[in-house]
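# Structural description and commentary
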Amino acid sequence: MARNNAILNNSPAFRNSGGYAPAPEYNQAPGTQQQWGQPQQQWGQPQQQAPGYQAPQSQQGGYSPADLEAMYNRPAATGFDTGRMTWRNTMNAITATFGVIIAVAFVIMMLPTVTALVMGTEEGRQIGFAFASIAAIVGAIGSFVTVLVNAFKKTPSMWVTLAYAVFEGLLLGGISLFFETVYPGIVLQAVIGTLAVAGSITVLFRMGKLRTSPKLTKMFLIAFGAYFVFTLVNLVLVLLGVTNLRTGMLGVVIGLVAVALASYSLVMDLEVIRNGVDSGAPKAYAWTAALGLAVTVVWMYTEILRILAILRDN
């Protein structure tokens, strides 16, 4: 399913569902694999060893019963010990990513209030709004660039994901400030709506009630392509001052379709994370998964925000 994810499609870790390296056969020394044409080891004959291979001390009688008991009682290796991707380190990466996004967005939204208090005039508030607008533009460009870098980067990077979180926080902070100024209280409503939808999908996925399928994924790609074309056309019409198609009932319908697409995309992201954990992907890929999940949730939040704004206008 990773091949259908724009963020994770270049990550070999999420395309391999069978693991990374097959384990050697039990009690088989390195270099002692049976070669074609060699006689097979017979029962009762001395075990052959590879040149230069020394048997473990346990075979040489070097371990005492107390040493063997201590080894047996050791805790099992975790994902941290093995360097593999687990649900725990993935959740840590997701928490860090969303934490940076929320913190930066909060700072941007507070800019007009802070500058007004510092300067003590209404002009200071306007300067704060100007800084927030500039931050939103910088965030839009920066987040787009970091997503592209991550998509074409063969090895995952924590710093690319955190850089995306900073830029996305700038963008979301500017957008949220604009909507909150025009429609007081709308940001909190959008956050609650996003948490409700994303949380419900996550719970249902963990319960095994939501899964993707090849047919649904094909329909998703077609619908997403149509939505993308519609968004580009509407953007051109808005910039030319012709009209805005994302208003009225049509805007609500388009917004609901976008939320449905984002919801299915979230299920795809969760399946990608599960496949990465099950296949034992390197733990660095947890940051790639966190970025993909953040892109989906941010998209869902902006669409819910626009739906609420249209309903407020009506």
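Treat the numbers as computed from the prediction; the structure is a model and nothing was measured.

## Here's the deal with the overall build of the protein
The helix and strand tally for the protein stands at 12 helices and zero strands. Sequence-ordered secondary structure for the protein, helices as α and strands as β, is α-α-α-α-α-α-α-α-α-α-α-α. Evaluated residue by residue, the protein yields a buried proportion of 37% over its 314 residues. Partitioning the intrachain contacts of the protein with sequence separation of at least 6 by distance along the chain shows that 79% fall at a separation of at least 24.

## Concerning the packing of aromatic side chains
If you walk through the whole model with that rule in mind, you get seven aromatic pairs. A ring pair is formed by phenylalanine 220 and tyrosine 264, whose centres lie 5.5 Å apart and whose planes are at 40°; its orientation type is tilted. In this pair, phenylalanine 220 sits in helix H10 (residues 214-239) while tyrosine 264 sits in helix H11 (residues 248-278), placing the two residues 44 residues apart along the sequence. On the accessibility criterion, phenylalanine 220 (9% relative accessible area) is buried. Between tyrosine 227 and tryptophan 299, the ring centres sit 5.9 Å apart and the planes meet at 40°, which makes this aromatic pair tilted.

## A few points about a nonpolar patch on the surface
On the surface, a nonpolar cluster with roughly 720 Å² of combined accessible area is contributed by Ile137, Ile141, Phe144, Val145, Leu148, Val149 and Phe152. Checked against the element boundaries, valine 149 lands in helix H7 (residues 122-152). Take valine 149: its relative accessible area is 40%, and that puts it in the partly exposed class.

## Remarks on the pattern of salt bridges
Once their charged atoms are close, side chains differing in charge can pair, the charge on each being opposite to the other. Enumeration over the complete set of coordinates arrives at two salt bridges. In this structure, arginine 125 engages glutamate 122 in a salt bridge whose closest nitrogen and oxygen atoms are separated by 3.9 Å. One end of the pair is arginine 125 and the other is glutamate 122, both in helix H7 and three residues apart, which spans about a single turn. Residue arginine 125 is classed as partly exposed on the basis of its relative accessible area, which comes to 30%.

## Looking at the environment of alanine 130
Among the structural elements, alanine 130 can be located in helix H7. C-alpha separation for the pair alanine 130 and leucine 111, spaced 19 residues apart in sequence, amounts to 9.4 Å.

Quick notes on the rules
Residues numbered from 1 in each chain as written. Predicted model: local features only at pLDDT ≥ 70, side-chain atom pairs only at ≥ 80, totals over all residues. Heavy atoms only, no water. Helix = DSSP H or I, 4+ residues; strand = E, 2+ residues; numbered from the N terminus. Buried < 20%, exposed > 50% of the residue type's maximum accessible area, 1.4 Å probe, protein only. Contact = heavy atoms within 4.5 Å. Phe/Tyr/Trp six-rings, centres within 6.5 Å; stacked < 30°, edge-to-face > 60°. Patch = residues over 30% accessible without salt bridge, like charges linked within 9 Å, V, L, I, M, F, W, Y side chains within 5 Å. Areas by Shrake-Rupley, 256 points an atom, 1.4 Å probe, with all protein chains shown as cover. Salt bridge = Lys/Arg side-chain N within 4 Å of Asp/Glu carboxyl O.

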